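# Breakdown of the fold
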Amino acid sequence: MAQALHFTIPLSHTTSRSVCKLSSLRTSVSPFLRRYPISLRRPISAVQSDLGSPSAGVLISGNGSPPAEPPTIEVDAVSEAELKENGFRSTRRTKLVCTIGPASCGFDQLEALAVGGMNVARINMCHGTREWHRMVINHVRRLNEEKGFAVAIMMDTEGSEIHMGDLGGAASAKAEDGEVWTFSVRAFDSPLPDRTITVNYDGFAEDVKVGDELLVDGGMVRFEVIEKIGPDVKCLCTDPGLLLPRANLTFWRNGSLVRERNAMLPTISSKDWLDIDFGIAEGVDFIAISFVKSAEVINHLKSYIAARSQDISLIAKIESVDSLKNLEEIVLASDGAMVARGDLGAQIPLEQVPAAQQKIVQVCRQLNKPVIVASQLLESMIEYPTPTRAEVADVSEAVRQRSDALMLSGESAMGQYPDKALTVLRGVSLRIEKWWREEKRHEVMELPGIASSFADRISEEICNSAAKMANNLEVDALFVYTKTGHMASLLSRCRPDCPIFAFTTSTSVRRRLNLQWGLIPFRLGFSDDMESNLNRTFSLLKARGMIQSGDLVIAVSDMLQSVQVINVP
Ligand SMILES: Nc1ncnc2c1ncn2[C@@H]1O[C@H](COP(=O)(O)OP(=O)(O)OP(=O)(O)O)[C@@H](O)[C@H]1O
Ligand SMILES: CC(=O)C(=O)O
Ligand SMILES: [K+]
Ligand SMILES: [Mg+2]
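Calculation notes
- Residues numbered from 1 in each chain as written.
- Chains lettered and ligands numbered in written order.
- Predicted model: local features only at pLDDT ≥ 70, side-chain atom pairs only at ≥ 80, totals over all residues.
- Heavy atoms only, no water.
- Helix = DSSP H or I, 4+ residues; strand = E, 2+ residues; numbered from the N terminus.
- Buried < 20%, exposed > 50% of the residue type's maximum accessible area, 1.4 Å probe, protein only.
- Contact = heavy atoms within 4.5 Å.
- Areas by Shrake-Rupley, 256 points an atom, 1.4 Å probe, with all protein chains shown as cover.
- Near = heavy atom within 4 Å.
- Polar contact = N/O pair within 3.5 Å; in protein donor to acceptor, adjacent residues only side chain to side chain.
- Nonpolar A, V, L, I, M, F, W, Y, C, P; charged D, E, K, R; others polar.
- Donors = N, O, S within 2.8 Å, 3.2 Å for Na, K, Ca; no water.
- Core = buried A, V, L, I, M, F, W, Y, C linked by side-chain atoms within 4.5 Å.
- Salt bridge = Lys/Arg side-chain N within 4 Å of Asp/Glu carboxyl O.
- Pairing = 2+ DSSP bridges.
- Axes fitted to C-alpha atoms, helices over the stretch in contact; angles between N-to-C directions.
- Parallel < 35°, antiparallel > 145°, perpendicular 65-115°, else oblique.
- Left-handed = near helix turned anticlockwise from the far one by under 90°.

### Some thoughts on the overall build of the protein chain
On a plain count of helices and strands, the protein chain comes out with 19 helices and 23 strands. Looking at the protein chain as a whole, 57% of its 569 residues are labelled buried. A separation threshold of at least 6 residues defines the contact pool for the protein chain, and within that pool the share at least 24 residues apart is 71%. Element-wise, carbon and sulfur atoms account for 54% of the exposed surface of the protein chain, whose accessible area totals about 23,200 Å².

### Regarding the site of ligand 1
Contacts to ligand 1 come from 15 residues, most closely from R122, N124, K317, D343 and S409. K317 places a side-chain nitrogen or oxygen 3.0 Å from an oxygen atom of ligand 1. The separation between an oxygen atom of ligand 1 and a polar side-chain atom of S409 is 3.2 Å. Here ligand 1 loses 81% of its free accessible area of 600 Å² to cover by the protein chains. Contributions of two or more residues to the shell around ligand 1 are made by β3 (120-124) and α14 (410-413). Class assignment of the residues belonging to the shell around ligand 1 gives a composition of six nonpolar, six polar and three charged.

### A short note on the coordination of the potassium ion (ligand 3)
Ligation of the potassium ion (ligand 3) by protein atoms is provided by N124 (OD1), D156 (OD) and T157 (O), these donors lying 2.7 to 3.0 Å from the ion. When the donor residues of the potassium ion (ligand 3) are listed from N- to C-terminus, their spacing reads N-x31-D-T.

### With respect to the site of ligand 2
For ligand 2, the full set of nearby residues is R122, K317, E319, M338, A340, R341, G342, D343, S375 and M407. The backbone of G342 places a nitrogen or oxygen atom 2.8 Å from an oxygen atom of ligand 2. Separating an oxygen atom of ligand 2 from a side-chain N or O atom of S375 is a distance of 2.4 Å. When the free accessible area of ligand 2 is taken as 210 Å², the share hidden by the protein chains comes to 91%. Listing elements by their share of the shell around ligand 2, those giving two or more residues are β16 (336-340) and α11 (341-347). Counted by class, the shell around ligand 2 contains three nonpolar, two polar and five charged residues.

### Thoughts on the nonpolar core
Generally speaking, nonpolar side chains in soluble globular proteins are found buried as a group. Formed by 67 residues in total, the largest nonpolar core has its most connected members in I100, M118, I287 and L378. The leading source of residues in this core is helix α15 (residues 418-438), at seven residues. Leaving out residues up to four positions away in the same chain, L378 has contacts with P387, E391, V395, L408, E411, A421, V424 and L425. Ranked by size, the runner-up nonpolar core spans 26 residues in total, among them L167, C237, L243 and A247.

### What about the pattern of salt bridges?
For the structure shown, the criterion picks out 28 salt bridges. As a salt-bridge pair, D285 and R511 come within 2.8 Å of each other at their nearest N and O atoms. Residue D285 is found in the loop between α7 (270-282) and β14 (286-289), and its partner R511 is found in helix α18 (residues 507-513); the two are separated by 226 residues along the sequence. For the pair D285 and R511, a shared accessibility class is recorded, and that class is buried.

### A few points about the sheet that holds strand β22 (residues 552-557)
Read across the open sheet, the six strands follow the order β1-β21-β20-β19-β22-β23; overall the sheet is mixed. Of all the strands in the sheet, just β1 (73-75) and β23 (563-567) have a single pairing partner and so form its edges. Shown here is a sheet whose adjacent strand axes are inclined to one another by a mean of 25°, direction ignored. One ladder, built from five bridges, connects β22 with β23; its direction is antiparallel. By the bridge assignment, A555 is partnered in β23 with Q564. Contacting β19 (477-481), β22 and β23, helix α16 (residues 454-473) runs over the sheet at an angle of about 180° to β22. Those strands touched by helix α19 (residues 530-543) are β1, β19, β20 (500-504), β21 (519-524), β22 and β23, and its axis lies near 125° from that of β19.

### Digging into unusual backbone geometry
Leave glycine aside and you will find that most residues have negative phi; peptide bonds, for their part, are mostly trans. Even without glycine at this site, F291 takes up a positive phi of about 50°. The class of F291 is buried, set by a relative accessible area of 3%. Despite not being glycine, Q376 has its phi angle at roughly 65°, a positive value. Tracing the backbone shows Q376 in the loop between β17 (371-374) and α13 (389-400). According to the relative accessible area criterion, Q376 is partly exposed, its value standing at 39%.

### A few points about the packing of α16 against helix α17 (residues 486-493)
Axis separation between α16 and α17 bottoms out at 9 Å; the angle between their running directions is 45°. Relative to α17, the element α16 is oriented oblique. Crossing angle aside, the handedness with which α16 passes α17 is right-handed. Taken together, the residues of α17 that come into contact with α16 (itself represented by S459, E460, I462, C463, A466 and A467) are M487, L490, L491 and R493. Partitioning the contact of α16 with α17 into residue classes produces seven nonpolar, one polar and two charged.

### Re the sheet that holds strand β12 (residues 249-253)
Taken in spatial order, the seven strands of this open sheet run β7-β6-β10-β9-β8-β12-β13, and their pairing is mixed. Across the chains shown, the open sheet's two edge strands, defined by having one partner strand only, are β7 (196-198) and β13 (256-257). In this structure, strand β8 (residues 213-216) lies alongside β12, joined through four bridges in antiparallel fashion. Bridged to L215 within β12 is T250.

### So, the environment of M445
With respect to the helices and strands, the residue M445 is situated in the loop between α15 and α16. In this structure M445 comes out as partly exposed when scored by relative accessible area, which is 22%. Not counting the four nearest positions on each side in its chain, M445 is found in contact with Q362, R365 and Q366.

### Side note on the pairing of β8
The pairing of β8 with strand β9 (residues 221-229) spans four bridges and is classified as antiparallel. Bridging across to β9, L215 finds its partner in R222. In sequence, β8 turns back onto β9 through a hairpin of four residues, with D217 there showing a positive phi of about 55°.

What follows is the structure, given as structure tokens:
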């Protein structure tokens, strides 16, 4: 089988570069106001009429009145506005995940987050009822359909580590220094007796010993076990703080985490299985698995899901000692990973978390799996409208490590400033990405070959070469035509200087590509004829004002394995 590399270098190259430079001038102004492009506040039908010729077949889905012909290219409204406003180079590469909770579950609140750049909405099955989760999913769906967003949905399982009960319905409880609280495995009627916490793990009272240290939420609040009375464990508060419903509990003895018994808990509990069935039925895009210990559970779940849906990606949450030990096999088995620093920081000493983060991000990139850095990125913004300098530095570091995505937890779920927190993530991402690009500071990461077949090796080599050429030639964008999304992720893995336009025929692939660094996913029908695909794409994107004549593009595809360097006619 002949696998040709086509290099179609245009004659007009020199002249058109100056046009490219001109188009990149569009990028230089980016005032704060641009973050909320005005057009997004109008219905999409109004945006469309600005675009000129609907006769070019350029439509955004679901604008109220059904389109006369099927849409021929779909891109989310935020990427489109960003491209038009700022040009290619200044689009954001780092993706943003928001945990949805009481502070963000309303339709308008979700819309504000979508406008603010939320790529993925996360629902945490630790909290809320199934009806509540269904409502959030429906809101996101409706937003996508009616307003032209492409927000993907991630369901995060509860997992079966030890955690507190729901505080008898209270939003939080304050534990003060020197107070004695009762941790119990008994079932109580609500409201709970004063200073009483229920624990979900039946073996709890048996397993703890007097003198053990009990950490809530990885040390946000600390207790010392002072007495055991049957199912009740009396604990003295030694570090005061706020107790939140269902907060995780760990216990430490002589400076080490006690984990013999809870290591026997299944990764996927019976409730998790029900939640996973719910996620499959609701058609979520990602399922994040809490407290993964080995690849086995991921493989098991993969085959369970494969029999029911082709469209769900599995994200392994790295938040335990075992998951660090088996990191490579877990990442290899999964479709992506999350650095779940909240629980991770309760299971290993806090000062080891940054090195673990760096390692997880690196392994994921080498194995070509998207990676999310999560928890406490902007923790103070739960209460305050501005982040601390230290938080900004932490976000910058995750962006500098070139992780695929950053995640908000309490900041967007129950904080007072979900939109502002997202604005900070977006602003810091853009700034750091630009700075590192301009300064050419990105260290070259060695990317080992990962292909398992000869055809895959060709794809991989093509993507590595195309990304390198894109940097050397300073092209405006990489185009990739991909049915499964694989070639798009291979390009993303190279972290090229220019954005990657990923064209795919499938809505669900398009939504899932949303999690990957630097990809702007489009839905587009295409054929095996690259020449006609390119011409069609150029005219559709030009009609939408998303590219201009003279822009320089490198195109690759997974049907015809080729690299083409083309000026937009
Ligand atoms: N659906 C929800 N309903 C009510 N509160 C929520 C909801 N989702 C999140 N929260 C609140 O936001 C906080 C942070 O959310 P997040 O899901 O990241 O936390 P978490 O419980 O620490 O995560 P995990 O259990 O995955 O380790 C939670 O502790 C909880 O107080
Ligand atoms: C996100 C999560 O599960 C954690 O940080 O523990
Ligand atoms: K969870
Ligand atoms: Mg966790």
